[in-house]
Amino acid sequence: MSAGGKKKLGAAPTVEQIQSDIVTRLANQYWAPHSVAPKAPFNNKVIEDIFKKELLGTKFSVRRIMLLEFSQYMENYLWPNFHPEKSTIAHVMSIVIMVNEKFRERVPAWETFKNNPGHFPSFFRRIMSLSLQEEGISLREQTTLVVFLIHCVNSLEIDLIREQAQRLVSLPIWVNLLPGRREQIFKENPKYKKFWNVIKKSDAKAEEATLQNLDYERRFLARLIQKYCIVLDSIPTSGPVSMSKVHYCERFIELMVDLEALLPTRRFFNTLMDDSHVVVKSHMSNLAKIEEGKLFSQLLDMLKFYSGFEISDQTGEALTDHNMTDIHYDRITSLQKAAFKHFSEELNQFALSNVAGIDTRETLLKHFKPLSNFKLHQIAAYLRLVEPPEEGKENVHSTDFLLELLVSRHERRPSQLEALNEMPLYPTEEIIWDENIVPMEYFSGEGCLALPKLNLQFLTLHDYLLRNFNLFRLESTYEIRQDIEDAVSRMKPWKGEDGTSLFGGWARMAQPIIGFNVVEVAKPNIGENHPAQVRADITVNLNLRPQIKAEWEMLRKHDVAFLITVRPVKNYGWKYIHTEPFIPQVGLTYVRGCEIEGMLDADGRVIEEGPDPKPELKGDTRTYRVWLDPNQYQQDMSATVEGKEDVYETFNVIMRRKPKENNFKAVLETIRDLMNTDCVVPDWLHDIILGYGDPGAAHYLKMDNQIASLDWNDTFLSYDHLRASFPGYEIKPKVNDPGKLVPPFRLTFPIQTSGKRKHGEEAPQEAEKVIAVEPHVIPNRGPYLYSQPKRNAVPFTPTQIEAIKAGTQPGLTVVVGPPGTGKTDVAVQIISNLYHNFPDQRTLIVTHSNQALNQLFEKIMALDVDERHLLRLGHGEEALETEKDFSRYGRVNYVLSQRLELLDEVARLQESLGVPGDVAYTCETAGHFYLYQVLSRWEEFLSKAKAPAGKSGDVFKIQELFPFSKFFENAPQPLFKGRSYEEDLDIAEGCFRHIRKIFTQLEEFRAFELLRSGADRSRYLLVKEAKIIAMTCTHAALKRRDLVQVGFKYDNIMMEESAQILEIETFIPLLLQNPQDGYNRLKRWIMIGDHHQLPPVIKNMAFQKFSNMEQSLFTRFVRLGVPTVDLDAQGRARGSLCNLYNWRYKILGNLPHVSVWPEYRAANPGFHFDFQLIDVGDFNRVGESEPNPYFYQNLAEAEYVVAVFMYMRMLGYPSEKISILTTYNGQKHLIRDVISQRCGNNPLIGWPSKVTTVDRFQGQQNDYILLSLVRTKAVGHLRDVRRLVVAMSRARLGLYIFARVALFQNCFELTPAFNQLTARPMQLHLAPSELYPSSRKIDEPPNGPTLIIEDMPHMASFVYDFYRNKVEMIMQRTGHQQPKVLQRPPQKKATPSIPQETPAVTVVEQPKVEKDMMEEHPGVDSDSDEEKGGENEEKDK
């Protein structure tokens, strides 16, 4: 909801309406893939009629376009029948409209063209021609063509598009420049002159027709700019304004911004745009001055920013502030020289002034305004900005234009960084409810927005960070707006009779303020004009339930809260109306952010966080010390001086937010810090992150520091496993004895050179595919069982081995892991191999969620990694399924307790050796004891026990001379076997290694004796002791400043769930350490994820769709063509279930155990099939319903799903093996209601393992999944294939999908899955005579008769009777009383009302919904995944 309220949304077409629609009838006749009737031959009149009646006639109605696109109009009719000469304008425009609609719907748009690319160049030429055509095409249609060009610019990774687009922006477009300016550039860049001459020679040899075609392409953008200028000039300052002209201009500027924001397109185009003076003409236009031009002006600001961006167009190198100042000074100086040489009479004073005195807009205008139009024209022509004036001819340029041209080019540019540093990070009421800055939640995807886009490439790191900063800030602001509206409306602010504010309600997340005082305003730091810090005390009364009171008292340091001023205008008793505008109802006046420092104790001191218990405070009054934003405070105080109200005396509400959603300030501060430092990205990563150069440049095969020989530790289970892991390689063992070929192995690979060579050198030869294998024995670690190394038991596949190999080598490794392919096992093995091969290196593990981090950690603990080297940062370690505490303080306590245990061992050793004194008092005394007592005895033993060269040793001598026999009395006996000298000597050396490890660890722990405070000890642990450090991406963003300050260092980064992490939250962990000597020490970056599953959650659809903010860095790397290792064998699901989603991947087969293990070979008892799509019709004439906007429910599916769950439980299926999923949050709540009504409290049935949404269940799995797709009118967000992949891949053994088949089977994107699903019967086939577990094999028919379920009421009645019969049988057998009886199942009625027997649902009148409005992101649901509960709505179209 917004300040202006929510728009009413119109209804989508029903299936019946779709089927009776003229478009559907035509589709069935001519192109629909599922129609039974034979297809009629191609008829161009059909395209003409559809275009005129359904598109032009409806003014491009989104609903009609959706219907056409959904019917596969483009794939099956428009493109297959396109002809370069014969196709009409209507045909071309129809294709363009379909492509634009696919982009609006966020579905793949170019697949059709890639499959049949022959006519695409001709088609693109037609687009260019129509874009410039003056007659026969409307401006509305040409706007559609500009949108198509925008999509092309944003799809340059597609070869087909890039080939056409590059011709429009390459060097030959400089044919449109003023000759003088072109020659000046050639003088500055001689290499361009050479290329230009080559082009001219090539043109001279070309045929006339080819030359005309080339000239058309070169002049296209210049002519498009001219057309834009004509449209822009036709907009009047007053009177009615043609919105089609406004929209054309907005889209044109968006196209210009996109061309400027990509280096490949801007390199030559920026000069052309500057030469055409697009920014100046637009800035001076009438549209920029009128109300209708507000968005246009915002877009123009973006264009102005990018046209003067700090980058060299020629080299692509980022320019520093110093470089930009030099360029500015050069321009001013050249203007002064021109003034002195040619215009000294008029501009003498200007020519002799210093630069700082004349480079502001005011001073430049003062000097140039008095000049005549002719003089200004002469100056501009001298600077090669316009063509020279011709004598006797009227000047085509106005005086105002020439003035603006000279001034805007030479005025001092404001520093972007300074403005950013002075910007308050908390949003205020002015930003939060400004729809132009923070778009409303229902963004249709049709319009244009003044927002940055996250696409494939970025100009510089500064540009990269700035775009992410702006988008992250606005997305956070949108979420804050929702929270404030929810909390304040719940508090029901009323106006009292005496004018004071009363609160008639209450909110969990907000409380009235009873006292507010600013207690400190610190002096500004040198060079700043805002206070160094501002602190205030806020007093509230927490007379609340104990649980909620505890939540308020648990506010942590650095949590963000919001201070709100509400001045109610509504009287006592008034009710808040959600559909009305928010601010006028509640009288919200001010919003300011603050950061919690802590709660104050009874003495007014801040209660510090730490392991110590907090003091108990009496009463309900609590006071919090907070930090206010110094920048915002400075602005507010300046406004107060000018006579405005003091904001800080008016606050009457404080609002807190959920900790998980409240990290925005720390992330913004981190991004701002990075922009203020020379953020040093490793050289081998820099260009790839920006999207340039060779995408494979950071692959280990192209790195100069490849490591030939590595210890693979316990990766291979046997020598045969090793041989099978490297198909295509010759394996050469270094030992001939087959008995010695046992793991662990050290492998030596041939080094492949990157292919970079100097001129004249021969190409490097392909390295031989030979692997040298050397087995080695792990040294004996001592006689105790706990000292023996833990071993990996996973038989890795060849592809997994390639991923492990790539991850262990230096460089960037991108691993695509489809569902069930062992991503976590691969990640853990890479970490283990790095730990053993490079003991001095430190590895940072970053994941999206605490759950994934804990899964990873639990597997690391099962490998041969010393737990003292593990550290887990953040607040998620509580969920680790272990009694051990891996947090900072937990590890400190572990070290201290380990130190005591080791000192006890030292005391035991001292006693066994008979050494007097207290040597086990500290680590230092223990060290002396080792040096003078232990080591000397060992050396003496070796000198006596070692056999002379060439002679065999005496086996009994070892046992006799060994000095530590008494110490090892508690080890398994006998200590020495006495079988051979070599074996006993190895045991003796193992025993000494055990002793030496004790003293080595004590030496490492010595620092903990010297450091006394917990903070110092935990800092030492983080910086020195830990070798494997794990955290979430959120924690990395929150704590970057702290980590850098303590000197945190690491060499490798492992990122799990990379495709679910926001781009900026993926980037920040690369820079958690300061560079050493100007270089980043990062050596490896391993990213593991799956871009075919769901992306990061972005709540605001405008940021998700328009700005592409949901694109992860992982997905961008894949789009750029960075080499990936695609795991190709899954071990989670049956092969038949895997087929439902494996078509989405390059190759995805099954591991052998999927066809061998008993659970996979057994059929699902009670079901005829292992997966089935069940067609669910309307129940009492109702399909999907919408009690609240975008809160979709389907009672028929909910009852059907719950009935099947009850049936499974009665057959004996364990409830923990069944999960119920749905694609909408509304349906999730409905299913929970139905379970609660039908069986939740019944001990024989109970609740399933989970009832949740597909989005929330990503990364989890269960044996049996019941899936409700809900929608009956439009496919909704399941059309995103990534959501389909997640939905289909959660089940291991059985998947039963409940849906409206007629709707989903027509969806082009879902065809590969739904073709398989619809190949089976669409009525549920049951075998009620079977019981769990099954004795039937998967390929055998059911034992008893098959029951075919007709519809939901049939299933509900059957389950009711089935339960009654089952219970009667049990009662007769056991002699117990009758248990609780099931509720009667729902019955069909003649009327459309819901029957009284189903209290699970309240019928609500369905609101009308405009279908050109888009939903909020379906993954916004912040519900905990408990069986019962859940809070927010999930939204979709």
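Residues numbered from 1 in each chain as written. Predicted model: local features only at pLDDT ≥ 70, side-chain atom pairs only at ≥ 80, totals over all residues. Heavy atoms only, no water.

### Focus: the overall build of the protein
Scanning the protein from N- to C-terminus turns up 51 helices and 30 strands. Against the compact-globule benchmark of 35 Å for 1437 residues, the protein has a radius of gyration of 36 Å, which places it among compact chains. Structurally, the protein occupies a C-alpha span of about 120 × 90 × 85 Å along its principal axes. A total of 1437 residues make up the protein; the buried ones form 56% of that total. Put simply, of all contacts in the protein between residues at least 6 apart along the chain, 76% involve residues at least 24 apart. As displayed, the protein offers around 62100 Å² of accessible surface, 51% of which is attributable to carbon and sulfur atoms. (Helix = DSSP H or I, 4+ residues; strand = E, 2+ residues; numbered from the N terminus. Rg over C-alpha atoms; globule rule 2.2 N^0.38 Å. Buried < 20%, exposed > 50% of the residue type's maximum accessible area, 1.4 Å probe, protein only. Contact = heavy atoms within 4.5 Å. Areas by Shrake-Rupley, 256 points an atom, 1.4 Å probe, with all protein chains shown as cover.)

### Quick look at the side chain of His 530
Along the chain, His 530 turns up in the loop between β3 (510-521) and β4 (534-541). On the basis of relative accessible area, His 530 is assigned to the buried category, the value being 12%. In this structure the side chain of His 530 is engaged in a polar contact, spanning 3.5 Å, whose partner is the side chain of Asn 631. For His 530, the residues in contact, after removing those within four places along its chain, are Pro 524, Asn 525, Pro 630, Asn 631 and Gln 634. (Polar contact = N/O pair within 3.5 Å; in protein donor to acceptor, adjacent residues only side chain to side chain.)

### Focus: the confidence of the model for the protein
Scored by pLDDT, the protein comes out at a mean of 87, with 92% of its residues at no less than 70. Scored below 50 in pLDDT, residues 1-13 shows 53 contacts in the model against residues more than four places distant or in partner chains. Under a pLDDT of 50 for its full length, residues 1390-1437 has, in the predicted model, 178 contacts with residues more than four places off or in other chains. (pLDDT = per-residue confidence, 0-100.)

### Thoughts on the packing of helix α3 (residues 44-56) against helix α6 (residues 89-105)
Remark: α3 packs on α6, axes separated minimally by 9 Å, with the N-to-C direction vectors making an angle of 60°. It follows from the interaxial angle that α3 and α6 lie oblique. The two elements α3 and α6 meet at a crossing, and its hand is left-handed. Here α3 contributes Asn 44, Ile 47, Glu 48, Phe 51 and Leu 55 to the contact with α6, which in turn contributes Ala 90, His 91, Met 93, Ser 94 and Ile 97. In terms of residue class, the contact of α3 with α6 is built from six nonpolar, three polar and one charged. (Axes fitted to C-alpha atoms, helices over the stretch in contact; angles between N-to-C directions. Parallel < 35°, antiparallel > 145°, perpendicular 65-115°, else oblique. Left-handed = near helix turned anticlockwise from the far one by under 90°. Nonpolar A, V, L, I, M, F, W, Y, C, P; charged D, E, K, R; others polar.)

### Here's the deal with the pattern of salt bridges
Opposite charge on two side chains makes pairing possible when the charged atoms of those side chains draw close. Under the counting rule described, the total for this entry stands at 81 salt bridges. A salt bridge links Glu 1309 to Lys 102; the nearest nitrogen and oxygen atoms lie 3.8 Å apart. With Glu 1309 in the loop between α49 (1301-1304) and α50 (1311-1317) and Lys 102 in helix α6, the pair connects residues that are 1207 residues apart, well separated along the chain. The partner of Asp 359 in a salt bridge is Arg 412, and the shortest N-O contact between them spans 2.6 Å. A residue pair is termed long-range when its members are at least 10 positions apart, and Asp 359 in the loop between α19 (344-352) and α20 (361-368) and Arg 412 in the loop between α22 (399-410) and α23 (416-421) qualify at 53 residues. Judged by its relative accessible area of 2%, Asp 359 is buried. According to the relative accessible area criterion, Arg 412 is partly exposed, its value standing at 45%. Taken together, the salt bridges that share partners define one network made up of Glu 69, Glu 75, Glu 101, Lys 102, Arg 104, Glu 105, Arg 1279 and Glu 1309. (Salt bridge = Lys/Arg side-chain N within 4 Å of Asp/Glu carboxyl O.)

### What about the packing of helix α29 (residues 664-676) against helix α40 (residues 1033-1045)?
Two elements in contact, α29 and α40, have axes separated by 8 Å at closest approach and are oriented at 50°. Compared by their axis directions, α29 and α40 come out oblique. The two elements α29 and α40 cross, and the hand of that crossing is left-handed. Seen from α29, the contacting residues are Ala 666, Val 667, Glu 669, Thr 670, Asp 673 and Leu 674; seen from α40, they are Ala 1037, Leu 1038, Arg 1040 and Arg 1041. Tallied by class, residues from the contact of α29 with α40 come to five nonpolar, one polar and four charged.

### With respect to the pairing of strand β14 (residues 843-847)
The element β14 is largely enclosed, with a buried count of five among its five residues. Burial along β14 is two-sided: the face carrying Thr 843, Ile 845 and Thr 847 and the face carrying Leu 844 and Val 846 are both buried. One ladder, built from four bridges, connects β14 with strand β17 (residues 1052-1055); its direction is parallel. Across the sheet, Ile 845 pairs through a bridge with Met 1054, a residue of β17. In this sheet, strand β16 (residues 1028-1032) lies alongside β14 in parallel orientation, the contact comprising five bridges. Directly across from Thr 847, in β16, lies its bridge partner Thr 1032. (Pairing = 2+ DSSP bridges.)

### Considering helix α26 (residues 546-553)
For α26, the full list of buried residues reads Ile 548, Lys 549 and Trp 552. The buried residues of α26 occupy one face: seen down the axis, they fall within an arc of 100°. Tucked into the core, α26 has its buried residues touching β3, β7 (621-628) and β8 (653-656). (Arc of directions from axis to C-beta.)

### Considering the side chain of Glu 1063
Along the chain, the position of Glu 1063 falls in helix α41 (residues 1063-1067). Residue class for Glu 1063 comes out buried when judged on its relative accessible area of 1%. A distance of 3.0 Å separates the side chain of Glu 1063 from the side chain of Tyr 464, its partner in a polar contact. Only 2.6 Å separates the side chain of Glu 1063 from the side chain of Arg 1116, close enough to count as a polar contact. Ignoring sequence-local partners within four residues, the contact set of Glu 1063 consists of Phe 458, Tyr 464, Asn 468, Gln 1111, Ser 1112, Leu 1113 and Arg 1116.

### Some details on the sheet that holds β14
Here seven strands make up an open sheet; going across it, the order is β15-β16-β14-β17-β18-β13-β19 and the pairing parallel. On the outer flanks of this sheet lie β15 (870-872) and β19 (1124-1126), each paired with one strand and no other. For this sheet the average axis-to-axis angle between neighbouring strands, irrespective of direction, equals 15°. By the bridge criterion, three bridges tie strand β13 (residues 811-816) to β19 in an arrangement that is parallel. Bridging across to β19, Val 816 finds its partner in Asp 1126. Contacting β13, β18 (1084-1089) and β19, helix α43 (residues 1113-1120) crosses the sheet at an angle of about 95° to β18.

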